[in-house]
Amino acid sequence: MVNTQVNLCGIPLDNPVIPASGTFGYGYEFATWYDINLLGTFSFKGTTQEPRFGNPTPRIAECKAGMINAVGLQNPGVQNVIEEELPKLKPHFSKPVMANVSGFSIEEYIHCCQLLDQEEQIGWLEVNISCPNVHGGGMSFGTSPRAAFDVTKAVKTVTKKPVFIKLTPNVTDIVSIAKACEDGGADGISLINTLLGMRIDLKTKKPVIANKMGGFSGSAIFPVALRMVYQVYESVSIPIIGIGGVSTAEDVIEMMLAGATAVQVGAANLINPYACKEIIETLPQTMDQYRIQSLQEIIGGAHT
Amino acid sequence: MKQSMFTLETNEKIAKNTYRMALTGDNGDCTAPGQFVNIRLNGFYLRRPISVCERTENGIVLIYKTVGSGTEYMATLERGTELDLLTGLGNGYTTQQSGESPLLIGGGVGVPPLYDLTKLLVSEGKSVTAILGFCTGEEVFYADAFSALGANVIITTEDGSRGIRGYVTHALPPAYSYVYTCGPEPMLKAVYAATTTSGQFSFEERMACGFGACMGCSCKTKYGNKRICKDGPVLEKEEILW
């Protein structure tokens, strides 16, 4: 009998598979497809201080082996999430959930984290300093080590829950940003968010997406994500959640060998609503196939 | 909503750039006219959302237009091909408010979902008028099929090569009890402005998942933000914000 359990900052997960923020809503709607309690946990839709509609449509474009989205953090605002969304989730999900938070100023991050810290359904905070779809905020914190340090330090003062900082790959040196987060007191690093990309429609000769650019995700980005997880693992000692193009049990294992303690599955959920369920159900036989007894023991196994 | 495998039975060209695909499979989740399916295609990352034209005894019929590489690939699929579909997506039309003489207005590939709606309304004893609008006569399809269901069919073409010359709004009858429409957004806007009763409007938007997860296809309405794929594609006339 193989062991798929991992420990994420003191909270055990039955398995390391976590639907990524923005691909799983606030969870309860996926309960119509399957029992979401079989997940390790899930990261809920990026939540901001105020409600947001996000960017104008069209905000989806297809790519070879992936897709671009420019949703732009549509969410009902943190107050509504606490009063409406979390209670709707409760009957469907008995495990701690990961709360994904975004903001446009340090004050906004603090505000959201402070409120979500009070919620017992929440196990971890995942602070997104990397959304490519919002101008003037979000990603600029994730592109400077100093700003990443400041956000991390600020949110750590208002919560006792483990804080993961979610990083953008759209930087020259991911390691320095990850280290700054660790120095700021982060309990973990989530990486990567989407890669900035675009498509042009040959018929109209104009960008497909109203916002022109958006975040590229899907299986095409897996090698980039894997490389960054590998690099960051060499330089920080806090746990890493590997994200980017994961769609199979093999991808989960590969990401963990690179250094991920847990793995998020994003775009795959949008093509196959059963993606995470199928990965979780396949994990034991894939582990058998590669003679892996315990997932916790393979974390960072590719490093010498 | 359900994910299941369907088998392609027929896939034939019925008008210019327009194909009719009959599939057998579990249609149990297709519960209302105006809903859609999302089809996985080999070699394409995202599924293709196509509205259901008809729920048959043992499957569904889809009518689609070749507008890009995905639908062009669909047109090459042969009998016996197994396809992975998400079915029962979207809210679909409801008939309670239709009154006795509903007016149905379809533009291009907005016509197909009105076929099953016509069937339902006729079975409820309603007197249906269907205005089917196309760019040109070569694109016209299903006019006889709507007539066979018992609808009073009016064809419009922009170039006048068949039926009434002009847009669907040039062919409005003097009286009707309610409006059901589906088609490109400029047409929906024109129908919104030209019709006098309440109604249900079916929208299109680029989408990824088709089942409410990605928030890619959101729109603003008088009743708050809605997802075209999950809270739509059908919106009540009163809630639409242009």
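Given the structure is predicted, the values throughout are model-derived calculations rather than measurements.

1. Quick notes on the overall build of chain B
Turning to step 1, where the next piece is worked out: Along its length, chain B carries four helices and 15 strands.
Turning to step 2, where the next piece is worked out: On C-alpha atoms alone, chain B measures out to a radius of gyration of 17 Å, which is about the 18 Å that the 2.2 N^0.38 rule sets for 242 residues.
Turning to step 3, where the next piece is worked out: Taking the principal axes of the C-alpha coordinates as reference, chain B spans close to 50 × 40 × 35 Å.
Turning to step 4, where the next piece is worked out: Across the 242 residues that make up chain B, the buried fraction comes to 59%.
Turning to step 5, where the next piece is worked out: Restricting the contact set of chain B to residue pairs at least 6 apart, pairs at least 24 apart contribute 62%.
Turning to step 6, where the next piece is worked out: Surface accessibility of chain B: about 9500 Å² in total, with carbon and sulfur atoms responsible for 49%.
Turning to step 7, where the next piece is worked out: For chain B, the separation between the mean place of its 22 positive charges and that of its 25 negative charges on side chains is 5 Å.

2. Thoughts on helix 1 (residues 78-89) of chain A
All names here are of chain A.
Turning to step 1, where the next piece is worked out: By the burial criterion, the buried members of helix 1 are Val78, Val81, Ile82, Glu85, Leu86 and Leu89. Projected down its long axis, helix 1 shows its buried positions confined to an angular sector of 130 degrees, all on one face.
Turning to step 2, where the next piece is worked out: As for helix 1, its buried residues are in contact with strand 6 (97-101), helix 2 (106-117) and strand 7 (122-128).

3. What to know about the sheet that holds strand 14 (residues 240-243) of chain A
Each strand in a sheet pairs with another by means of backbone hydrogen bonds, the pair being arranged parallel or else antiparallel.
All names here are of chain A.
Turning to step 1, where the next piece is worked out: The seven strands lie next to each other as 3-15-14-9-8-7-6, forming an open sheet whose pairing is parallel. Two strands bound the open sheet, and with one partner strand each, they are strand 3 (17-19) and strand 6. In this sheet, neighbouring strand axes are inclined to one another by 25 degrees on average, regardless of whether the strands run parallel or antiparallel.
Turning to step 2, where the next piece is worked out: As paired elements, strand 9 (residues 188-191) and strand 14 share three bridges and run parallel to each other. Residue pairing for strand 14: Leu191 is matched across the bridge by Gly242.
Turning to step 3, where the next piece is worked out: Contacts from helix 2 reach strand 6 and strand 7 within the one sheet, and its direction differs from that of strand 7 by about 170 degrees.
Turning to step 4, where the next piece is worked out: Its contacts with the sheet put helix 6 (residues 222-235) on strand 9, strand 14 and strand 15 (260-265), and the angle it makes with strand 14 is roughly 165 degrees.

4. Thoughts on the side chain of His303(A)
Turning to step 1, where the next piece is worked out: Relative to the elements of secondary structure, His303(A) occurs in the segment after helix 9 (275-289).
Turning to step 2, where the next piece is worked out: Apart from residues lying up to four places away in sequence, His303(A) is in contact with Tyr230(A), Tyr233(A), Glu234(A), Leu257(A), Ala258(A) and Gly259(A).

5. Quick look at the nonpolar core
Turning to step 1, where the next piece is worked out: If you look at the biggest cluster of nonpolar residues, it comprises 128 residues, and the most contacted ones within it are Phe44(A), Leu167(A) and Leu191(A).
Turning to step 2, where the next piece is worked out: Of the domains in this structure, domain 1 (2-89) and domain 2 (102-204) of chain B are the two that each give at least three residues to this core.
Turning to step 3, where the next piece is worked out: Excluding anything up to four places from it in sequence, Leu191(A) contacts Leu167(A), Ile174(A), Met228(A), Val229(A), Val232(A), Ile240(A), Ile241(A), Gly242(A) and Ile243(A).

6. Points about the domain arrangement of chain B
Much of the literature gives interface size as the accessible area that the parts lose upon coming together.
Residues and elements named next belong to chain B.
Turning to step 1, where the next piece is worked out: Parsing chain B into structural domains produces domain 1 (2-89) and domain 2 (102-204).
Turning to step 2, where the next piece is worked out: For domain 1 versus domain 2, the distance between C-alpha centres works out to 22 Å.
Turning to step 3, where the next piece is worked out: At the interface, 16 residues of domain 1 touch 13 residues of domain 2.
Turning to step 4, where the next piece is worked out: Three residues stand out in domain 1 for area buried against domain 2, namely Lys16, Pro33 and Cys53, and they jointly supply 38% of the buried area on that side.
Turning to step 5, where the next piece is worked out: One can count two salt bridges joining domain 1 with domain 2.
Turning to step 6, where the next piece is worked out: Connecting domain 1 to domain 2 are five residue pairs in polar contact (both at pLDDT 80 or more).
Turning to step 7, where the next piece is worked out: Among the elements of the structure, strand 1 (2-15), strand 2 (18-24), strand 4 (48-55) and strand 5 (59-65) are those that each provide at least two residues to the side of domain 1 that touches domain 2.
Turning to step 8, where the next piece is worked out: A total of five residues in the side of domain 1 that touches domain 2 trace back to one element, the largest contributor, which is strand 4.
Turning to step 9, where the next piece is worked out: Each residue belonging to the side of domain 1 that touches domain 2 can be placed in one class, and the counts come to eight nonpolar, three polar and five charged.

7. Comments concerning the pairing of strand 13 (residues 218-221) of chain B
Residues and elements named next belong to chain B.
Turning to step 1, where the next piece is worked out: Relative to strand 14 (residues 224-227), strand 13 runs antiparallel, the two being bridged by four bridges. In the sheet register, Lys220 faces strand 14, and the bridge partner there is Asn225.
Turning to step 2, where the next piece is worked out: Counting the residues between successive antiparallel strands, the hairpin from strand 13 to strand 14 contains two residues.

8. Focus: the side chain of Arg48(B)
Turning to step 1, where the next piece is worked out: With respect to the helices and strands, the residue Arg48(B) is situated in strand 4.
Turning to step 2, where the next piece is worked out: Judged by relative accessible area, Arg48(B) falls into the buried class, the value being 15%.

9. Here's the deal with unusual backbone geometry
Residue and element names in this part refer to chain A.
Turning to step 1, where the next piece is worked out: For the peptide bond that leads from Thr57 to Pro58, omega is 0 degrees, which places it in the cis range.
Turning to step 2, where the next piece is worked out: Among the structural elements, Pro58 can be located in the loop between strand 3 and strand 4 (60-63).
Turning to step 3, where the next piece is worked out: Cis geometry marks the peptide bond from Leu191 to Ile192; its omega dihedral reads 15 degrees.
Turning to step 4, where the next piece is worked out: Topologically, Ile192 is positioned in the loop between strand 9 and strand 10 (195-197).

Definitions and cut-offs
- Residues numbered from 1 in each chain as written.
- Chains lettered and ligands numbered in written order.
- Predicted model: local features only at pLDDT ≥ 70, side-chain atom pairs only at ≥ 80, totals over all residues.
- Heavy atoms only, no water.
- Helix = DSSP H or I, 4+ residues; strand = E, 2+ residues; numbered from the N terminus.
- Rg over C-alpha atoms; globule rule 2.2 N^0.38 Å.
- Buried < 20%, exposed > 50% of the residue type's maximum accessible area, 1.4 Å probe, protein only.
- Contact = heavy atoms within 4.5 Å.
- Areas by Shrake-Rupley, 256 points an atom, 1.4 Å probe, with all protein chains shown as cover.
- Lys, Arg positive; Asp, Glu negative; His and termini not counted.
- Charge placed at Lys NZ, Arg CZ, Asp CG, Glu CD.
- Arc of directions from axis to C-beta.
- Pairing = 2+ DSSP bridges.
- Axes fitted to C-alpha atoms, helices over the stretch in contact; angles between N-to-C directions.
- Core = buried A, V, L, I, M, F, W, Y, C linked by side-chain atoms within 4.5 Å.
- Domains from an automatic or database assignment.
- Buried area = accessible area lost by both parts, 1.4 Å probe.
- Salt bridge = Lys/Arg side-chain N within 4 Å of Asp/Glu carboxyl O.
- Polar contact = N/O pair within 3.5 Å; in protein donor to acceptor, adjacent residues only side chain to side chain.
- Nonpolar A, V, L, I, M, F, W, Y, C, P; charged D, E, K, R; others polar.

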